[in-house]
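# Structural overview for review
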Amino acid sequence: MNLYFVRHGETEHNKNKCYYGSIDVNITERGTLQAEKGSEKLQNIDFDKVYVSELKRTAQTANILLKDRQIDLIKDKRINETNFGVFEGKSHEKVKDLYSEEWKLWCDDWKGFAPPEGESYLQVYDRVKSFMDDILKLNEDNVLIVTHGGVIRSVYCYLLGGNLDYFWSFGSKNSDITIIKYEYGNLYIDSITHV
């Protein structure tokens, strides 16, 4: 089975370098162009299933990637981006100013600390793990999963035996395409393409 993970196209919040996960925003014109380039690379793949998060930026990206193909998008909240709670929509400088105590706690324990009204990375990883465990039960050839940078990094950690220390060892740019193969019980990264 081939799993095609694609990060959504650029949004205004990406450009502004803000924390945002649960804020539901559109992709930009540049994000549309990125997805169109991705579509060219995926045009010859027959996808059996397509998964997106509950946030419209992933559905927008998926629809561009698929062009005229009629495939239902399966929304799965387990591949939503991290909910940053009260940090949402703010730059890290702004968060440090407004929530200095919480910022310090987060820096000291980035895995376990949840921003007020948000979720911890451990909580994010647990839902991504649940999603991946279910995906590996599928009997399909090609699956497209359009999601978020934090989720894709979590998938890499999943591949590496659930070692969360690897989370910051990978980049994930807008519209990057990661092909992960699952063969004979083995899961591995086949390629990462920046569009």
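So, here is what we can say about the structure in this document.

## Comments concerning the pattern of salt bridges
A side chain with one charge may pair with a side chain of the opposite charge, provided their charged atoms come close. Evaluated as defined, the whole model comprises nine salt bridges. A salt bridge links Lys111 to Asp165; the shortest N-O distance between them is 2.5 Å. Placement of Lys111 in the loop between helix 5 (100-108) and helix 6 (121-135) and of Asp165 in the loop between helix 7 (149-159) and strand 5 (177-183) is noted, with a sequence separation of 54 residues between them. Look at Asp165 and you get exposed, because its relative accessible area is 52%.

## Details of the side chain of Thr61
Examined against the element boundaries, Thr61 turns out to sit in helix 3 (residues 56-66). Residue Thr61 is classed as buried on the basis of its relative accessible area, which comes to 0%. One polar contact links the side chain of Thr61 to the main-chain carbonyl oxygen of Arg57, over a distance of 2.8 Å. In this view, Thr61 contacts Arg7, His8, Gly9, Ile27, Ala35 and Val146; residues no more than four positions away in its chain are not counted.

## Things to note about the packing of aromatic side chains
For any two aromatic rings, the description comes down to two numbers: the centre-to-centre distance and the angle of the planes. The tally for this structure, following the rule as stated, stands at 14 aromatic pairs. Relative to Trp106, the ring of Trp103 has its centre 6.0 Å away and its plane inclined at 70°; by these criteria the two rings are edge-to-face. Taken together, the residues span about one helical turn, with Trp103 and Trp106 both in helix 5 at a distance of three residues. Neither residue differs from the other here; Trp103 and Trp106 are each classed as buried. Each residue in the set Tyr19, Phe84, Phe87, Tyr99, Trp103 and Trp106 is aromatic and connected to the rest through ring pairs, giving one cluster.

## Examining the packing of helix 6 against helix 7
Between helix 6 and helix 7, the least distance of the axes is 9 Å, while the angle of their chain directions is 70°. As the angle between them shows, helix 6 and helix 7 are arranged roughly perpendicular. The element helix 6 and its partner helix 7 pack so that their crossing is right-handed. From helix 6, Tyr121, Val124, Tyr125, Val128, Lys129, Met132 and Asp133 reach across to helix 7, where they touch Val151, Ser154, Val155, Cys157 and Tyr158. Split into classes, the residues belonging to the contact of helix 6 with helix 7 amount to nine nonpolar, one polar and two charged.

## A few points about the packing of helix 2 (residues 29-42) against helix 3
For the pair helix 2 and helix 3, the least separation of the axes is 7 Å and the interaxial angle reads 40°. One way to sum up the angle between helix 2 and helix 3 is to call them oblique. Relative to helix 3, the crossing made by helix 2 is right-handed. Residues Thr32, Ala35, Glu36, Gly38, Ser39 and Leu42 of helix 2 form the contact with helix 3, whose participating residues are Thr61, Ile64 and Leu65. Among the residues forming the contact of helix 2 with helix 3, the class breakdown is four nonpolar, four polar and one charged.

## Considering the environment of Glu119
Considering the arrangement of structural elements, one finds Glu119 in the loop between helix 5 and helix 6. Overall, the relative accessible area of 16% leaves Glu119 in the buried class. Taking the C-alpha atoms as reference, Glu119 lies 5.6 Å from Asn83; in sequence the two are 36 residues apart. Each residue touching Glu119, except ones within four places of it in the same chain, is listed here: Glu81, Thr82, Asn83, Phe113, Ala114, Val124 and Arg127. For Glu119, the side chain forms a polar contact with the main-chain nitrogen of Asn83, separated by 2.9 Å. Polar side-chain contacts of Glu119 include one of 2.6 Å to the side chain of Arg127.

About the cut-offs
Residues numbered from 1 in each chain as written. Predicted model: local features only at pLDDT ≥ 70, side-chain atom pairs only at ≥ 80, totals over all residues. Heavy atoms only, no water. Salt bridge = Lys/Arg side-chain N within 4 Å of Asp/Glu carboxyl O. Helix = DSSP H or I, 4+ residues; strand = E, 2+ residues; numbered from the N terminus. Buried < 20%, exposed > 50% of the residue type's maximum accessible area, 1.4 Å probe, protein only. Polar contact = N/O pair within 3.5 Å; in protein donor to acceptor, adjacent residues only side chain to side chain. Contact = heavy atoms within 4.5 Å. Phe/Tyr/Trp six-rings, centres within 6.5 Å; stacked < 30°, edge-to-face > 60°. Axes fitted to C-alpha atoms, helices over the stretch in contact; angles between N-to-C directions. Parallel < 35°, antiparallel > 145°, perpendicular 65-115°, else oblique. Left-handed = near helix turned anticlockwise from the far one by under 90°. Nonpolar A, V, L, I, M, F, W, Y, C, P; charged D, E, K, R; others polar.

Such coordinate-based values are descriptive only and should not be taken to indicate function.
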